[in-house]
Every structure is written in structure tokens, then in C-alpha cells.
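As a plain string of letters, each chain reads:
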Amino acid sequence: MHHVPKKDMGSKRDKLQMWMDIKATMKPPPIFSPWDEKDEAKLDDLRKMQIKLEDTALGRQTTIEQLKVNASINKMDLNELSALEEKVQRAKRIKLDLGT
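Throughout what follows, the structure given in this document is the object of discussion.

What counts and what doesn't
Residues numbered from 1 in each chain as written. Predicted model: local features only at pLDDT ≥ 70, side-chain atom pairs only at ≥ 80, totals over all residues. Heavy atoms only, no water. Helix = DSSP H or I, 4+ residues; strand = E, 2+ residues; numbered from the N terminus. Buried < 20%, exposed > 50% of the residue type's maximum accessible area, 1.4 Å probe, protein only. Lys, Arg positive; Asp, Glu negative; His and termini not counted. Charge placed at Lys NZ, Arg CZ, Asp CG, Glu CD.

1. Comments concerning the overall build of the chain
The secondary structure content of the chain amounts to four helices and zero strands. In the chain, the succession of helices and strands from N to C terminus is α-α-α-α. Over its C-alpha atoms, taken along the principal directions, the chain stretches across nearly 75 × 40 × 25 Å. Within the chain, the fraction of its 100 residues that count as buried is 3%. Averaging the locations of the 20 positively and 17 negatively charged side chains of the chain gives two centres separated by 5 Å.

Right under this line is the structure:
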């Protein structure tokens, strides 16, 4: 309310001291501007924006995980690859049975 960033507020004692300082100086809260057409236009632009999954943190994390899987596969010996192949085949059968 008085433009005190939350990250800089510190402990409860610090917060209380800041509040006491604000109260002692009788400093009014900053004036805000009401929502106007310009703000509404910005909101409309944001609503129309197409965001692809790969442009999000989730999409980037998914890519990283896929790269990790590929790296793991490249390091596997033949026995590990066979076991993985069996798991993949089992997963495919389950997906086919569920129709997904």
C-alpha cells in the first residue's frame, strides 16, 4: 500500500517498525489510478495472445526431461534396453486397451 516491496520487509519486527514509521509520519497511501480503457485494451491483447506450451516453464521442463530420457537411453547396455523395451510395449498395450 505504501510501496514497500514485500521482499524487503524482513521479519515481523521489521514490518512493525515500518508500519510505526508510516503511522508516525501520517504519510497517506499512494494514489492509484482507476481502471480505464487503456488498461482494458491491454487486457484484451493479453487474452488474445496465443501461448504455446513450449513457451512456458512447463514446456521447457518437459523438453529438459525428454533430453534426460534420451541421454539415459544412450548410456544403457543391451540388458537395460531390453527391459526398457518391455516396459514400453506394456505401456503401449495399456494405452491401446484404454483407447487413449
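2. Some thoughts on unusual backbone geometry
Although it is not a glycine, Met26 sits at a positive phi angle of roughly 60 degrees. Topologically, Met26 is positioned in the loop between helix 1 (12–25) and helix 2 (37–48). The class of Met26 is exposed, set by a relative accessible area of 69%.

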